[in-house]
Amino acid sequence: MNLRMPLTCLLLFSSFGCLGAEEEAPARPVLEVSTYRVNFGKVSPEKSPEKIITLTNTGTAGVGITAVKSTCPCTSAKADKQRLEPGESAALRIVLHLKDYRSDAVQGRVVVCTDALDSCCAPIEVEGDIIPEYVLEPPQVDFGRVKRGETVTASCLLRRNGSRPVQLRAIKASDELQVSWAPISSEADAGEGAGASQMPPDAYRIEIRYTAPLDANTLNARFEVETDVERKPRQTVVVKARLVGVECTVTPKVIVFDGARRGEPVPGIEVTGENDLEIVKAECTIPGIDPVVTELEPRKRFRISLRVTERAPLGDVTGKLRLRVREGPVEEVREVGIFGSIGS
């Protein structure tokens with residue numbers, strides 16, 4: 001028997017054997033992070049808080065950490081290893097530097113770059129709220145409704161919000177406002193004798209004074225406080241008001257009459273105010289119709305009726321009753337429409 005196998009058969013067998021073998025996947029690193037969101041919560045700007053998260057290579061090949069970058073100037077990050085073999089971990093230390101950071105919130109990202117083909121891992125969100133060194137209470141002043149010509153006042157309190165004293169250096173205000181301030185010390189400091197006057201104040205009381213002009217409808221002003229806090233030395237307070245004029249009620253809104261006769265009165269209107277109301281002048285635009293003002297309650301309620309004189313035209317008439325009313329220093333004009341007819 002010939003035991004030798006033809007060469008062609010051996011080659012075919014060898015080829016089929018190679019086709020049946022599975023190809024192995026190439027080794028590659030996989031960098032995983034213990035958390036993709038780092039929240040520092042409320043932090044003091046006088047400190048440099050830090051948090052540590054873990055980087056782990058869960059892949060099948062080693063990976064080198066080439067750079068750690070941060071999008072926020074207040075945040076730095078560094079890994080304690082430059083290379084991770086499969087299964088190895090590294091600590092990533094994230095530190096906040098808030099002394100020169102002007103915002104009141106930390107909002108940024110940290111990115112770890114590697115020498116792998118997909119060179120950077122997913123960004124790590126970094127956030128936190130900075131406790132301000134001082135607080136202005138209230139942060140906005142709203143006088144509400146202010147009568148034109150009236151003077152109103154309000155106050156704010158600037159107080160330190162940490163262990164470091166805060167010095168108020170200056171206040172710049174809009175031309176409409178008069179602003180002054182005075183230091184407030186704690187009762188404990190006040191009881192320590194002469195040395196107490198050398199202690200930094202715990203707070204400052206800021207007084208705002210405003211006189212509403214006669215020709216405006218709203219107030220949108222502001223003042224800026226300047227302190228010795230390096231991180232955020234200035235803060236702006238908005239001051240608002242809605243200016244109102246003479247507050248009175250006119251009823252009815254329109255005077256309507258039919259078949260009025262010369263020499264007879266025509267019912268008119270009543271004007272009512274809260275206090276110090278005065279009818280300075282009343283006139284009618286229709287010739288021959290004269291307003292008659294009667295004070296029903298002193299400085300509060302008036303009746304204005306119409307007297308049809310011989311000079312009034314016959315037939316249909318239209319016009320206005322024009323009133324000049326005053327309340328305190330404010331004087332305004334009110335108009336009431338007139339629709340009627342005059343018979344012979």
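What comes next is a walk through the structure. (Residues numbered from 1 in each chain as written. Predicted model: local features only at pLDDT ≥ 70, side-chain atom pairs only at ≥ 80, totals over all residues. Heavy atoms only, no water.)

Regarding the sheet that holds strand β9 (residues 124-130)
Line of reasoning, step 1. What the five strands build is an open sheet, ordered β2-β9-β8-β4-β6; its pairing is mixed. Unpaired on one side and paired on the other, β2 (37-43) and β6 (83-84) mark the two borders of the sheet.
Line of reasoning, step 2. Bridge analysis of β2 against β9 gives five bridges, and the strand direction is parallel. In the strand pairing of β9, K42 is matched with D129. (Pairing = 2+ DSSP bridges. Helix = DSSP H or I, 4+ residues; strand = E, 2+ residues; numbered from the N terminus.)

With respect to the packing of aromatic side chains
Line of reasoning, step 1. Taken as a whole and judged by the stated rule, the model has one aromatic pair.
Line of reasoning, step 2. Relative to Y210, the ring of F143 has its centre 6.2 Å away and its plane inclined at 25°; by these criteria the two rings are stacked. Taken together, the residues span a long stretch of sequence, with F143 in strand β11 (residues 140-147) and Y210 in strand β15 (residues 203-211) at a distance of 67 residues.
Line of reasoning, step 3. Owing to a relative accessible area of 16%, F143 belongs among the buried residues under this scheme.
Line of reasoning, step 4. Here the basic side chain of K51 rests over the ring of F40, its NZ or CZ set 5.8 Å away from the ring centre. (Phe/Tyr/Trp six-rings, centres within 6.5 Å; stacked < 30°, edge-to-face > 60°. Buried < 20%, exposed > 50% of the residue type's maximum accessible area, 1.4 Å probe, protein only. Lys NZ or Arg CZ within 6 Å of the ring centre and 35° of its normal.)

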